[in-house]
Amino acid sequence: MNNSYNHSLSASTQFTQKSVNRCFDGEQHYYSHQSTSTKTPMTFSIYLPDEALAGQRCPAILYLSGLTCNADNVTHKAHFQQKCSELGMIFIAPDTSPRSSDGSDSNDVANDERYFVGQGASYYVDATQAPWSEHFNMQSYIVDELYDLLRSEFPIHSIGITGHSMGGHGALLLGFKFPGKFVSVSALSPVCAASESAWGQAAYTEYFGDDKSLWAQADASQVIEEVGQQYSSILVDQGAADEFLADGQLQTSKLQQACTNAKQPLTLRYQAGHDHSYYFIQTVINEHIEHHWRMAQLS
């Protein structure tokens with residue numbers, strides 16, 4: 001196995017490298033940096049195939065994780081590295097929310113004992129209500145700050161966006177709000193209409209207060225219907241035995257209707273027998289990587 005590749009960040013980088021591990025024909029890296037958007041340290045993982053380590057510009061996938069997760073979950077459990085190695089794809093997984101002001105375990109930023117509201121539950125939006133608005137600016141962090149830093153520090157040709165559950169909501173929301181930044185969109189078991197799910201309503205009451213116009217701007221299905229077609233095709237996989245689909249948290253039919261109204265081509269696949277877990281993600285992740293690779297070839 002060739003171990004001669006060594007990607008070096010620029011001297012002016014804001015990133016601190018936390019770890020590097022050889023994995024297939026590439027390396028799995030972790031970084032931290034001080035965010036101006038969240039006013040806290042933030043972390044992310046990035047898989048760099050050997051082509052990228054040698055300086056070749058490669059297509060990238062930005063993966064947004066779900067409730068209670070951080071950068072570790074998908075990096076350790078989804079098994080995406082082999083397919084990314086084969087195709088020469090970069091895979092980036094940021095944390096789901098700010099957590100502490102100094103990078104410790106102090107838990108001193110806004111939090112809530114409900115797992116679908118507090119840390120790990122940002123919904124990838126910019127909050128407008130105190131105390132959340134001071135740190136919970138994840139839309140700005142993802143699409144402005146982190147996006148620009150990644151493109152300046154790594155040999156990225158183009159970026160597609162995907163995610164799971166709350167992160168699937170984030171991928172659809174940010175992909176359609178900022179289509180100029182992403183060449184492709186997909187989602188796994190996404191929260192499709194956050195303003196109409198119990199999870200999203202609890203979170204948005206905290207983040208936005210009673211201003212329902214702000215809720216609508218943070219609802220993926222409503223945004224898609226408002227902005228219309230932005231991509232030649234988007235891919236969504238949903239476990240047919242998903243317990244959160246059954247109890248109304250995901251509202252997948254709202255996404256299907258929104259895409260129909262927006263004339264946005266959608267490949268929506270219900271996967272028989274699959275639930276909401278990382279076993280489901282492992283089952284379909286390679287097809288999502290291939291979807292983003294194909295779209296990148298057209299960009």
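Because the structure is a prediction, the values reported are computed rather than measured.

About the cut-offs
Residues numbered from 1 in each chain as written. Predicted model: local features only at pLDDT ≥ 70, side-chain atom pairs only at ≥ 80, totals over all residues. Heavy atoms only, no water. Helix = DSSP H or I, 4+ residues; strand = E, 2+ residues; numbered from the N terminus. Polar contact = N/O pair within 3.5 Å; in protein donor to acceptor, adjacent residues only side chain to side chain. Contact = heavy atoms within 4.5 Å. Salt bridge = Lys/Arg side-chain N within 4 Å of Asp/Glu carboxyl O. Axes fitted to C-alpha atoms, helices over the stretch in contact; angles between N-to-C directions. Parallel < 35°, antiparallel > 145°, perpendicular 65-115°, else oblique. Left-handed = near helix turned anticlockwise from the far one by under 90°. Nonpolar A, V, L, I, M, F, W, Y, C, P; charged D, E, K, R; others polar. Core = buried A, V, L, I, M, F, W, Y, C linked by side-chain atoms within 4.5 Å. Buried < 20%, exposed > 50% of the residue type's maximum accessible area, 1.4 Å probe, protein only. Phe/Tyr/Trp six-rings, centres within 6.5 Å; stacked < 30°, edge-to-face > 60°. Pairing = 2+ DSSP bridges. Expected span 1.5 Å × (residues − 1). 1 Å grid on protein atoms, 1.4 Å probe; cavity = no way out; pocket = protein on both sides within 12 Å on 5 of 7 lines; lining within 4 Å. Points joined across faces, edges and corners; volume = space filled by probe spheres on them.

Q: Explain the side chain of Thr38 to me, please; I cannot follow it from the model alone.
A: Structurally, Thr38 is set in the loop between strand 2 (26-34) and strand 3 (41-49). Within the local environment of Thr38, its side chain forms a polar contact with the side chain of Thr40, the two groups lying 2.8 Å apart. Each residue touching Thr38, except ones within four places of it in the same chain, is listed here: Pro98, Glu134, His135, Asn137, Met138 and Tyr141.

Q: Help me understand the pattern of salt bridges in this model?
A: Oppositely charged side chains can form a pair if their charged atoms are brought close together. All chains considered together, the criterion is met by ten salt bridges. Lys83 is the partner of Glu86 in a salt bridge, and the nearest nitrogen-oxygen pair spans 3.4 Å. Highlighted residues: Glu86 and Lys83, both in helix 3 (residues 81-87), separated by three residues, approximately one helical turn. The partner of Asp237 in a salt bridge is Arg269, with the nearest N and O atoms 2.8 Å apart. With a gap of 32 residues between them, Asp237 in strand 8 (residues 234-239) and Arg269 in strand 9 (residues 266-271) connect regions that are remote in the sequence.

Q: Can you walk me through the packing of helix 5 (residues 166-177) against helix 8 (residues 220-227) in this structure?
A: Helices that pack against each other are described as a pair by the angle of their axes relative to one another and the distance between those axes. Where helix 5 contacts helix 8, the axes come no closer than 9 Å and their chain directions differ by 25 degrees. By the angle between their axes, helix 5 is roughly parallel relative to helix 8. When you trace helix 5 past helix 8, the crossing you get is left-handed. Within the contact between the two elements, helix 5 uses His169, Leu172, Leu173, Phe176 and Lys177 and helix 8 uses Ala220, Val223, Ile224 and Val227. Residue classes in the contact of helix 5 with helix 8 are distributed as seven nonpolar, one polar and one charged.

Q: Help me understand the nonpolar core, please; the structure alone is not making it clear to me.
A: Side chains that are nonpolar tend, in soluble globular proteins, to be buried together. Tyr123, Ile142, Tyr204 and Tyr207 are the most contacted members of the largest nonpolar core, which has 70 residues in total. Not counting residues within four places of it along the chain, the set of residues in contact with Ile142 comprises Leu62, Leu64, Pro94, Tyr124, Tyr147 and Leu174. Judged by nonpolar contacts, the second largest core, of 19 residues, contains Ile61, Cys69, Val74 and Cys84.

Q: Before we go on, may I ask you to explain the side chain of Ser186 in this structure?
A: Of note, Ser186 is situated in strand 7 (residues 184-188). Separated by 2.7 Å, the side chains of Ser186 and Thr162 make a polar contact.

Q: Would you explain the packing of aromatic side chains in this entry?
A: Inspection of the entire model under this criterion finds 19 aromatic pairs. Ring centres 5.7 Å apart and planes at 65 degrees place the aromatic pair Tyr31 and Phe154 in the edge-to-face group. Here the residue Tyr31 occupies a position in strand 2, and Phe154 occupies one in the loop between helix 4 (138-153) and strand 6 (156-163), the gap between them amounting to 123 residues. Each member of the pair, Tyr31 as well as Phe154, carries the same accessibility label: buried.

Q: Any chance you could explain the pairing of strand 5 (residues 90-94) here in plain terms?
A: Two faces, one strand: in a regular strand the side chains alternate between the faces of the sheet. Of all the five residues making up strand 5, five are buried; the element is thus mostly covered by neighbouring parts of the structure. The side-chain alternation of strand 5 yields two buried faces, one formed by Ile90, Ile92 and Pro94 and the other by Phe91 and Ala93. Pairing analysis gives three bridges linking strand 4 (residues 58-64) to strand 5, with the strands arranged parallel. Within the sheet, the bridge partner assigned to Ala60 lies in strand 5 and is Ile90.

Q: I keep staring at helix 5 and nothing clicks. Help me out?
A: Structurally, the α-helix is built with 3.6 residues per turn, so residues lying three or four positions apart point the same way. Under the 1.5 Å per step criterion, the end-to-end length of helix 5 is 16 Å for twelve residues, consistent within 8% with the ideal 16 Å. Most of helix 5 sits inside the fold, with eleven of its twelve residues counted as buried.

Q: Would you mind showing me how to read the layout of surface pockets here?
A: Gaps left between atoms are located by rolling a probe of water-molecule size over the structure's atoms. There is about 360 Å³ of room inside the largest pocket. Around the largest pocket, the lining is made up of 19 residues, and of these Met42, Thr43, Asp95, Arg99 and Gly103 lie nearest the centre. Of all the elements in the fold, those that place two or more residues in the lining of the largest pocket are strand 1 (16-22), strand 2, strand 3 and helix 2 (71-77). It is strand 2 that contributes the most residues to the lining of the largest pocket, five residues altogether.

Q: In this structure, what is going on with unusual backbone geometry? I would like to understand it.
A: Leaving glycine out, the prevailing phi sign among residues is negative, and the prevailing peptide bond configuration is trans. Backbone torsion omega between Ala130 and Pro131 reads 0 degrees, so that peptide bond is classified as cis. You can see Pro131 is positioned in the loop between strand 5 and helix 4. A positive phi angle, close to 50 degrees, is found at Phe24, a residue other than glycine. One can find Phe24 in the loop between strand 1 and strand 2.

By themselves, these figures tell us nothing about what the structure is for.
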